[in-house]
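What follows is each chain in one-letter form.
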Amino acid sequence: MRDSKPRILLLSAYDAASHKRWREQLIELLPDYHWQSLTLPPRFFQWRIRGNALSWFDEPCLQEPWDLVIATSMVDLATLRGLNPQLARTPCVLYMHENQFAFPISQQQQDRVEPQMVNLYSAMAADRVVFNSAWNRDSFLAGAQALLNKLPDAVPDGIIERIQQKSDVIPVPIEDRLFTNEPRAINRACPHMLWNHRWEYDKGPDRLLHFLERLEQSRQPYNLSVVGEGFRNHPKAFGEVQTRFAHRLEHWGFLASRSEYDDLLRKADVVLSTALHDFQGLSMLEAMASGCIPLAPDRLAYREYVPASGRYESHEQDAEAEADSALHRLQSILDTPPVWRSPEAWKASVLAQRYRTLVDELIEAGRC
């Protein structure tokens, strides 16, 4: 029996909405520990991912004794442990919400080797590396190996194998309250389609536009909700969707009220993804837990929880062909609604024990 609660320091160098949600949820799921969080706001990406160890250089808590450090994927863990000898002797977990090897590159982005090296060094410096999906893990390992293969000389053998051996997959949990106990009948005559993702290029808004064009041409009645976190500068495709399909819209834009968003999840029939990048897909999982039938491309982490009946053919280089595939899959869903499958393995109460086991193993190892 412990005399006091083990002390865990939780580091989030780019505390975006999904990172903050996971961080707060982890603390709530595991109340038998003393937690302290150190965060930086989600802006100035290049400076954040390379400079967080410098930003935290004078933080007093980094000099305190900790039983465990949990750092998110934006943390430069190698530099942080080098600058703070106390942390070099403390067990560290790197939690990979995403990896810099698998992001699709926009025209505005510069070369990503520097962020990729931060991810690679952090994974090498961590005692355990935990990914939120198998696709995230596999794309990281493949991308890191491809980068190492390009380096001119003096690259040690077995780096990827060593990272793989200390890696695990534990998803970001979905709150128990979102799960419905019974499937609901979908409106096959006029389905309510929900697109609920960040309003950025990597979520495929242009592909949403192509799909809606095909859906209109099919003369299938439907209603549409397009919601999610928006930004000052977002792809022009959103404006075109809003203008051209205004007669279909039930909801448009960000829903500030969580209760309103939860109500929408329970009312929609089909949750749609057109994403080119999604390391786990929280919005899809939330909607599925709430009773929605998924419609997602056959790629990314979707293969881990969207059944084959809900996945349409992936054509990353041909948006129009992919729109045709999505429409064909939707028509199959409406003709013969698939058996609803709740993503129970992603439930917070189920995943809590896996997180607890991970934490206890590392704390115990650090005390030996």
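Our subject is the structure that appears above.
Calculation criteria
Each chain has its residues counted from 1, following the order in which its sequence is written. At least 70 in pLDDT is required for a residue's local features to be given in this predicted model, at least 80 for side-chain atom pairs to be given and counted, and no such filter applies to totals for whole chains, interfaces and linings, which use all residues. The side-chain numbers reported here are obtained from all heavy atoms of the structure, hydrogens and water having been left aside. Here a strand is any run of E in DSSP of at least two residues, a helix any run of H or I of at least four, and the numbering for each starts at the N terminus. By this rule the span expected of a helix is its residue count minus one, scaled by 1.5 Å. Note on classification: 1.4 Å probe, protein chains only; a residue is buried when its accessible area is under 20% of the maximum for its type, exposed when over 50%, partly exposed between these limits. One requirement defines pairing of two strands: DSSP has to find at least two bridges between them. Here, axes are lines fitted to C-alpha atoms. For helices the fit covers the stretch in contact, and angles between N-to-C directions go from 0 to 180 degrees. Exposure above 30% relative accessible area and the lack of any salt bridge qualify a residue for a patch; like charges then connect within 9 Å, and the nonpolar side chains Val, Leu, Ile, Met, Phe, Trp and Tyr within 5 Å. The accessible surface values rely on the Shrake-Rupley method and a 1.4 Å probe; as for residues, cover is taken only from the protein chains in view. Think of a salt bridge as a Lys or Arg side-chain nitrogen and an Asp or Glu carboxyl oxygen that are within 4 Å of each other. Pairing of aromatic rings covers Phe, Tyr and Trp, the last counted by its six-membered ring, and requires centre-to-centre distances within 6.5 Å; plane angles under 30 degrees mean stacked, over 60 mean edge-to-face, and any other angle means tilted. By definition, residues are in contact when any of their heavy atoms lie within 4.5 Å.

Attention now goes to helix H1 (residues 17-29). Over its 13 residues, H1 extends 18 Å from the first C-alpha to the last, a length consistent with the 18 Å expected when each residue adds 1.5 Å. By the burial criterion, the buried members of H1 are His-19, Arg-21, Trp-22, Arg-23, Gln-25, Leu-26 and Leu-29.

Attention shifts here to the sheet that holds strand S6 (residues 167-169). What the six strands build is an open sheet, ordered S2-S1-S3-S4-S5-S6; its pairing is parallel. The sheet is open, and its two borders are formed by strand S2 (34-39) and S6, each paired with just one other strand. With direction set aside, neighbouring strand axes in the sheet form an average angle of 20°. Here four bridges tie strand S3 (residues 68-72) to strand S4 (residues 92-96), and the two strands are oriented parallel to one another. Considered in S4, the bridge of Thr-72 is made with Tyr-95.

So, on to the sheet that holds strand S9 (residues 249-252). Strand order in the open sheet formed by six strands is S9-S8-S7-S10-S11-S12, and the pairing between neighbours is parallel. Each having just a single partner strand, S9 and strand S12 (311-312) make up the two edges of the open sheet. The pairing of strand S11 (residues 293-297) with S12 spans two bridges and is classified as parallel. Bridged to Pro-297 within S12 is Tyr-312.

Attention now goes to a nonpolar patch on the surface. A surface patch of nonpolar side chains, about 540 Å² in accessible area, is lined by Phe-44, Trp-47, Leu-54, Phe-57 and Leu-83. Relative to the elements of secondary structure, Phe-57 occurs in the loop between helix H2 (45-55) and S3. With a relative accessible area of 42%, Phe-57 lands in the partly exposed category.

With the rule as written, the count across this model stands at twelve aromatic pairs. Between Tyr-14 and Phe-45, the aromatic rings sit 6.2 Å apart at their centres with planes inclined by 80°, giving edge-to-face as the arrangement. Residue Tyr-14 is located in the loop between strand S1 (7-12) and H1, and its partner Phe-45 is located in helix H2; the two are separated by 31 residues in the primary sequence. For the ring pair Tyr-305 and Trp-346, a centre distance of 5.5 Å and an interplane angle of 70° mean the geometry is edge-to-face. On the criterion of sequence distance, the pair formed by Tyr-305 in the loop between S11 and S12 and Trp-346 in the loop between helix H12 (319-335) and helix H13 (348-367) is long-range, its members being 41 residues apart.

Its 17 residues give helix H6 (residues 134-150) an end-to-end C-alpha distance of 25 Å, which sits within 8% of 24 Å, the value for a rise of 1.5 Å per residue. Buried within H6 are the following residues: Asn-136, Ser-139, Phe-140, Leu-141, Gly-143, Ala-144, Leu-147 and Leu-148. Residues of H6 that are buried make contact with S4, helix H5 (113-125), strand S5 (128-131) and helix H7 (159-165).

What follows is about the pattern of salt bridges. Close approach of charged atoms allows side chains with opposite charge to pair. The full count for this structure, using the stated rule, is 29 salt bridges. Salt-bridge contacts for Arg-7 lead to Glu-64; the nearest nitrogen and oxygen are separated by 2.8 Å. In this pair, Arg-7 sits in strand S1 while Glu-64 sits in the loop between H2 and S3, placing the two residues 57 residues apart along the sequence. Put simply, Glu-200 and Arg-198 hold a salt bridge, and the shortest N to O gap is 2.1 Å. Classification of Glu-200 as partly exposed rests on a relative accessible area of 28%. Taken together, the salt bridges that share partners define one network made up of Arg-21, Glu-175, Arg-177, Arg-258, Asp-262 and Glu-286.

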